[in-house]
Amino acid sequence: MITILLYNATMCLAFPGRILKLTGDTAVVDFDGVEKDVNVSLIKGAKTGEYVMVHAGFAIQKMGEEDALEVFKLYKEAEGK
Amino acid sequence: MNETDVLKNIHILAKKIGREVNLMEVCGTHTQAVARAGLKSLLPKNVHLTTGPGCPVCVTAQEDIDAIISLTLAGIPVATYGDMMRVPGSFGSLDQAREKGAKVFDVYSTEEALEIRNSKLEIEEDLVFFGLGFETTAPMTAYAIQKGLTVYSTHKLFLPAMKALLEIGELKIDGYICPGHVSAIIGSRPYEEMKVPQVITGFQPNDILVSVYMLLRQLAEKRSEVENEYVRLVKESGNPEALGEIFEVFEKTDGNWRGFGTIPGSGLKIKEKYRDFDAKIKYKDILDKVDFSKSRKPTACKCGEIIRGLKSPKDCPVYKKGCTPDKPIGPCMVSVEGACNVEYRYEK
Amino acid sequence: MKNNESVELDHGGGGYKSWELLQDIRGVLKSRGKWTNCEDDAAVYDLGKQKLVFTSDAFIVEPIFFPGGDIGKIAMCGTINDLSVMGAKPLGISLSIVMEEGFPKADLMKIIRSINKVSESSGIPVVTGDTKVTQRGKIDKIEITTAGVGLAECVIENNGIKVGDVIITSGDLGEHAITLLASRFNYKTKIVSDSKTLNKEIEEVGKYLNACKDPTRGGLAANIVEMANKSRVKIVVNEKTLPYKKETVAVSELLGIDIFSLASEGRFIAAVSPKNSDKALKILKKFNKEAKIIGVAEKGTGVYLKTELGALRPIEMPKGKLIPRIC
């Protein structure tokens, strides 16, 4: 049996993925080896190969291809000032 | 360059600042992320991380919950995001309504709600989607309304609540950890009207750690700015397409928040143009019969004050004593992003 | 659970409510005769030189055929593994099948062939059983119950963890759950169910295991909490060495499901004393190169995750709503 630990929090849960295929408003997005359909109508000019942040079944913003953990870049810049 | 360095510098800055510092995170997902990473236990003793009103389920007013439950008990199929299913309204929860035979569907997206409406219901049956959440989920609801989905909107705009907290001044807020995904939609500019240190933050543990560092730096340098830590996602102008979608379908109205009461201009109401899909108009006859005077929050429950950051779950008299995730009394214990639920699951 | 309440889906979830229901049932069925370990994966009867080990399990799955297996395969593996994690060599399985009127014969025979495949590859025969058919609509397609007996020289108990032991997993976890969830939510992934028998691995490595369990219902969380409580130790799992593939993490995040609650049907978690851990791992890696050390047992109580930031936070018994019929 699968137990969902205390239900799912779908409201703010978002995950980045890469667009593999586009058909109109629907993209097939790859999330670390898991593919699912995502609605891309809320972002402008989505292209195959681009990274998007997906939330509640929709892409909410495009992301750069750089490694997800860019955090320390900012920190390094801040420390350098 | 790693988390140990950041933590070390956080401690140095905290010592330099000297006094008690109160930082508020205002997104339910941040509440969860902080707890999952065990972050609070690593912070200096004078740096406090308080939870604000960022859990969409928790801030939904009792009247709105009672309204949607009344609709489903009157035989109208209802769809909602999962967390809302077990929140106790004045006449039971949606989950309990479902056990009694009402058609209640918990969905991951408005697309799923549309699919249920189109394929799982009888032709003449309508489906009312309980539209809750802030600027991150409002665009999806707007899109679905344009595709013909009927919606009961309890969507809210987030900044008015952040502003209200500063204006009410019950709690001294030295800085805000701003919500990453709301910001992806609205951008960084709207935060500039609040004159308090702010950092727009991502959701990895390191994101939050760096944000705390950036906020302490502002305080140490006596700056008050809006900084963006979540550069990989948040652009200054946000997502104009998504914002456009929201305001094509919705207009600002007063919002009814648990814990705050009415906050002017913080609610999203479906425009006249789309009145055919507005459940509040379509089902006015059912909603008018609901006795909202009974929509009282459970008396001992301190969710309202917890949402405003005034109390922590441990200060609530029913926390763990009658109110648990299995048998919740208030929404803060139901939602996996609610302060009480998170504290219960992750406190040592 | 009070007598005027009704059974809920939560009670079948493998989490806290399931445990509560079991306590209610055990509260009535108090007599154990000479049997011991009645709250473990299998019950034990001391025959003197050897111990008889006996277990049973019921299976309902949706869908009944999935990537990497079917209801028949998990019914066999589940019971064989419950015997194996107790240190027993399985001797024979009983197979009871209840079908809904109208269930396709071709599907039934496909399931039987799958059961036979497990039987042949593990060397454990199906020796008895029963079939029943109910009217259409009275159950959903098919339900299988298996029971099994085995013999053990030395029983591996759940409560045998010692302070200082390392906790190992025989491979990456949660893939059975992920396969079924992906199928249900239309996600495409290469991950298949991890359903397999464990008897051969445990036969080789059993002598090094102080405690052992297979993390089926309730996943790592439920099972490691149970072992820690019974052994009266504190276990710290290291977030940097979590036994989950990136696809498993992705599905759990996409659906908002706690990764620690995801079930596996062909893995075990065990406690091994530090002096034996290298030897045990070397053997286990022959079967699955993903076998690894994930944590350590310390003095104290509770199960904790040492997070990436170095803080400790609790891992708890799963509580919550069940997606029905996934194993």
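Because the structure is a prediction, the values reported are computed rather than measured. Numbering of residues starts from 1 in each chain and follows the order in which that chain's sequence is written. Note on labels: chains are lettered from A, ligands numbered from 1, in written order. Residue-level local features of this predicted model are given only where pLDDT is at least 70; pairs of side-chain atoms are given and counted only at 80 or more, and the full residue set underlies all totals for whole chains, interfaces and linings. Side-chain measures were taken over the full set of non-hydrogen atoms in the model, leaving aside hydrogen atoms and water.

Asker: Describe the overall build of chain A, listing the residues and the values that go with them.
Answerer: Each helix and strand in chain A was counted, giving one helix and six strands. Strands are runs of DSSP state E lasting at least two residues, helices are runs of H or I lasting at least four, and both sets are numbered from the N terminus onward. Helices and strands in chain A line up, N terminus first, as β-β-β-β-β-β-α. Taken across its 81 residues, chain A has 58% of its residues classed as buried. Of the roughly 3300 Å² that chain A leaves accessible, carbon and sulfur atoms contribute 48%. Think of it in three bands: residues with accessible area under 20% of the maximum for their type are buried, residues over 50% are exposed, and the middle band is partly exposed, with areas taken using a 1.4 Å probe on protein chains only. The method behind every accessible area is Shrake-Rupley, applied with a 1.4 Å probe, and residues are considered shielded solely by the protein chains displayed.

Asker: Tell me about the overall build of chain C, and name the residues and values.
Answerer: When helices and strands are tallied, chain C shows eight helices and 17 strands. A globule of 327 residues ought to have a C-alpha radius of gyration of about 20 Å, and chain C, at 19 Å, matches this closely. Taken along the three principal axes of its C-alpha coordinates, chain C extends 55 × 50 × 50 Å. Of the roughly 14200 Å² of accessible surface on chain C, 53% is carried by carbon and sulfur atoms. Here chain C contributes 47 positive and 41 negative side-chain charges, whose respective centroids are spaced 3 Å apart. To get the radius of gyration, use the C-alpha atoms; to get the globule rule, take the number of residues to the power 0.38 and multiply by 2.2 Å. The charge count treats Lys and Arg as positive and Asp and Glu as negative. His and the chain ends do not count. Where a charge lies is defined by one atom per residue type: Lys uses NZ, Arg uses CZ, Asp uses CG and Glu uses CD.

Asker: Tell me about the sheet that holds strand S9 (residues 226-228) of chain B, and please be specific about residues and values.
Answerer: Residues and elements named next belong to chain B. Two strands qualify as a pair provided DSSP detects at least 2 bridges between them. Across the sheet, which stays open at both edges, the five strands sit in the order S2-S1-S7-S8-S9 with parallel pairing between neighbours. Looking along the sheet, the strands with just one partner apiece sit at the ends: strand S2 (47-51) and S9. Direction aside, neighbouring strands of the sheet carry axes that sit 20° apart on average. Here strand S8 (residues 198-200) runs beside S9; their pairing, made up of three bridges, is parallel. Paired with Gln-198 across the two strands is Val-226, which belongs to S9. Inter-axis angles, ranging from 0 to 180 degrees, are taken between N-to-C directions of lines fitted to C-alpha atoms, where helices are fitted over the stretch in contact.

Asker: Pulling in residues and values, what's your account of the packing of aromatic side chains?
Answerer: Between rings of Phe, Tyr and Trp, where Trp is taken as its six-membered ring, a pair exists when centres lie within 6.5 Å; planes separated by under 30 degrees are stacked, by over 60 edge-to-face, and by other angles tilted. Scanning the model with the defined rule gives 15 aromatic pairs over all chains in all. Of the aromatic side chains, those joined through ring pairs into one cluster are Phe-134, Phe-158, Trp-257 and Phe-260 of chain B.

Asker: Report on the confidence of the model for chain A, specifying residues and quantitative values.
Answerer: Residue and element names in this part refer to chain A. A residue's pLDDT is simply how confident the predictor is in it, with values from 0 to 100. The share of residues in chain A with pLDDT of 70 or more is 64%, and the mean pLDDT across the chain is 77. Highest mean pLDDT in chain A belongs to strand S3 (residues 26-31) (96); lowest belongs to strand S1 (residues 2-3) (32). Note on residues 1-10: pLDDT is under 50 here. Beyond four places in sequence and across chains, it has 68 contacts. Throughout, a residue-residue contact means that at least one pair of heavy atoms, one from each residue, lies within 4.5 Å.

Asker: Outline helix H6 (residues 219-231) of chain C, listing residues and values.
Answerer: Residues and elements named next belong to chain C. Between the first and last C-alpha of H6 there are 18 Å, a value that for 13 residues agrees with the 18 Å anticipated at 1.5 Å per step. In terms of burial, H6 is a largely internal element, 10 of the 13 residues being buried. In this structure, the buried residues of H6 make contact with strand S9 (166-169), strand S11 (209-213), strand S12 (234-238), strand S13 (269-272), strand S14 (292-298) and strand S15 (303-306). In this analysis, the expected span of each helix is defined as 1.5 Å times one less than the number of residues it contains.

Asker: Account for unusual backbone geometry, with residues named and values stated.
Answerer: Residue and element names in this part refer to chain C. Between Glu-62 and the following residue, Pro-63, the backbone shows a cis peptide bond with an omega angle of 0°. The phi angle at Lys-141 is positive, at roughly 65°, despite the residue not being glycine. Its location among the elements puts Lys-141 in the loop between strand S7 (126-134) and strand S8 (142-152).

Asker: Go over the state of the cysteines, please, and point to the residues and values.
Answerer: Residues and elements named next belong to chain B. Here, the term disulfide refers to a pair of cysteine sulfur atoms separated by no more than 2.5 Å. With the rule as written, the count across this model stands at one disulfide over all chains. Residue Cys-55 pairs covalently with Cys-58 via a disulfide, S to S 2.3 Å. Every disulfide takes its handedness from the sign of the S-S torsion; for Cys-55 and Cys-58 that torsion is 70°, giving right-handed. Neither Cys-55 nor Cys-58 differs from the other in exposure class; each is buried. There is no disulfide at Cys-323, and the cysteine sulfur nearest it, in Cys-340, is 6.4 Å away.

Asker: How would you summarise the pairing of strand S11 (residues 261-270) of chain B if you had to cite specific residues and measurements?
Answerer: All names here are of chain B. Across seven bridges, strand S10 (residues 250-257) lies against S11 in antiparallel orientation. Pairing of Asn-256 across the sheet is with Thr-262, part of S11. Hairpin geometry of S10 and S11 is characterised by an intervening segment of three residues between the two adjacent antiparallel strands and by a positive phi of about 90° at Gly-259.

Asker: I'd like a description of the nonpolar core, backed by residues and values.
Answerer: Definition used in this section: a nonpolar core is a set of buried Ala, Val, Leu, Ile, Met, Phe, Trp, Tyr and Cys residues joined via side-chain atoms within 4.5 Å. Among the nonpolar cores identified, the biggest contains 100 residues, and Ile-68, Val-128, Tyr-152, Met-162, Tyr-176 and Tyr-191 of chain B are the most heavily contacted of them. In terms of residue count, helix H6 (residues 138-146) of chain B provides more of this core than any other element does, six residues in total. Composition of this core by domain shows at least three residues from each of domain 1 (1-300) and domain 2 (303-346) of chain B. Residues contacting Met-162 of chain B, with those up to four places away along its chain left out, are Val-26, Tyr-176, Cys-178, Tyr-191, Met-194 and Gln-198 of chain B. The next biggest cluster of nonpolar side chains, apart from the first, holds 51 residues, and it includes Val-52 of chain A together with Leu-220, Ile-224 and Ala-250 of chain C. Domain ranges listed in this record stem from an automatic or a database domain assignment.

Asker: How would you summarise the side chain of His-30 of chain B if you had to cite specific residues and measurements?
Answerer: Summarising the element assignment, His-30 of chain B is placed in helix H2 (residues 28-37). If we skip the residues at most four places from it in the chain, His-30 of chain B touches Glu-25, Ile-177, Cys-178, Pro-179, Gly-180, Thr-201, Gly-202, Phe-203 and Ile-208 of chain B.

Asker: Describe in detail the pattern of salt bridges, supporting the description with residues and values.
Answerer: Salt bridge, as used here, is a side-chain nitrogen of Lys or Arg placed within 4 Å of a carboxyl oxygen of Asp or Glu. Counted according to the given criterion, the structure contains 39 salt bridges over all chains. One salt bridge connects Lys-273 of chain B with Glu-248 of chain B, and the closest N-O pair in it is separated by 2.7 Å. With Lys-273 of chain B in the loop between S11 and helix H11 (279-282) and Glu-248 of chain B in helix H10 (residues 240-249), this residue pair connects regions lying 25 residues apart in the sequence. A salt bridge links Lys-246 of chain C to Glu-247 of chain C, with the shortest nitrogen-to-oxygen separation between them at 3.8 Å. What makes Lys-246 of chain C partly exposed here is its relative accessible area of 47%.

Asker: Explain a nonpolar patch on the surface to me, using residue names and the numbers behind them.
Answerer: Residue and element names in this part refer to chain C. Judged by side-chain polarity, Leu-22, Ile-25, Val-28 and Leu-29 come together as a nonpolar surface patch covering roughly 380 Å² of accessible area. With respect to the element layout, Ile-25 can be found in helix H1 (residues 16-28). On the basis of relative accessible area, Ile-25 is assigned to the partly exposed category, the value being 41%. Only residues whose relative accessible area exceeds 30% and that form no salt bridge enter a patch; like-charged residues are grouped when within 9 Å of one another, and nonpolar side chains (Val, Leu, Ile, Met, Phe, Trp, Tyr) when within 5 Å.

Asker: Tell me about the packing of helix H4 (residues 175-184) of chain C against helix H7 (residues 246-255) of chain C, residues and numbers included.
Answerer: Residue and element names in this part refer to chain C. Closest axis-to-axis distance for the H4/H7 pair is 10 Å, and the angle between their directions is 55°. In terms of their interaxial angle, H4 and H7 are classed as oblique. The way H4 lies across H7 gives a crossing that is left-handed. Residues Glu-175, Ile-178 and Leu-181 of H4 form the contact with H7, whose participating residues are Thr-248, Val-251, Ser-252 and Leu-255. Each angle is binned into one of four classes, with values under 35 degrees roughly parallel, values over 145 roughly antiparallel, values of 65 to 115 roughly perpendicular, and all other values oblique. Each crossing gets its hand from how the near helix is turned against the far one by less than a right angle, where anticlockwise is left-handed and clockwise is right-handed.

Asker: Quick rundown of the sheet that holds S13 of chain C? Include the residues and the values.
Answerer: The strands making up a sheet associate through backbone hydrogen bonding, with each pair oriented either parallel or antiparallel. Residue and element names in this part refer to chain C. Taken together, seven strands build an open sheet; the order of strands is S11-S13-S9-S14-S12-S15-S16 and the sheet is mixed. Two strands bound the open sheet, and with one partner strand each, they are S11 and strand S16 (312-314). Strand-to-strand twist across the sheet, computed as the mean angle between neighbouring axes with direction ignored, equals 30°. One ladder, built from four bridges, connects S12 with S15; its direction is parallel. Looking across to S15, one finds that Asn-238 is bridged to Lys-306.

Asker: Could you give an account of H7 of chain C, naming the residues involved and the relevant values?
Answerer: Burial within H7 of chain C is extensive, with seven of its 10 residues counted as buried. When we look at burial in H7 of chain C, the residues that qualify are Glu-247, Thr-248, Ala-250, Val-251, Ser-252, Leu-254 and Leu-255 of chain C. Lining the buried residues of H7 of chain C we find strand S2 (14-23), S3 and strand S4 (34-39) of chain A together with H4 and strand S10 (188-189) of chain C. Looking one or two residues beyond H7 of chain C, the residue adopting positive phi is Gly-256 of chain C, at roughly 70°.

Asker: Run through the confidence of the model for chain C, naming residues and quoting values.
Answerer: Residue and element names in this part refer to chain C. Residue-level pLDDT values for chain C average 92, and 94% of them are 70 or greater. Low pLDDT, under 50, characterises residues 322-327; the stretch is placed with 33 contacts to residues that sit more than four places away or in other chains. With pTM at 0.90, the complex prediction returns an ipTM value of 0.89.

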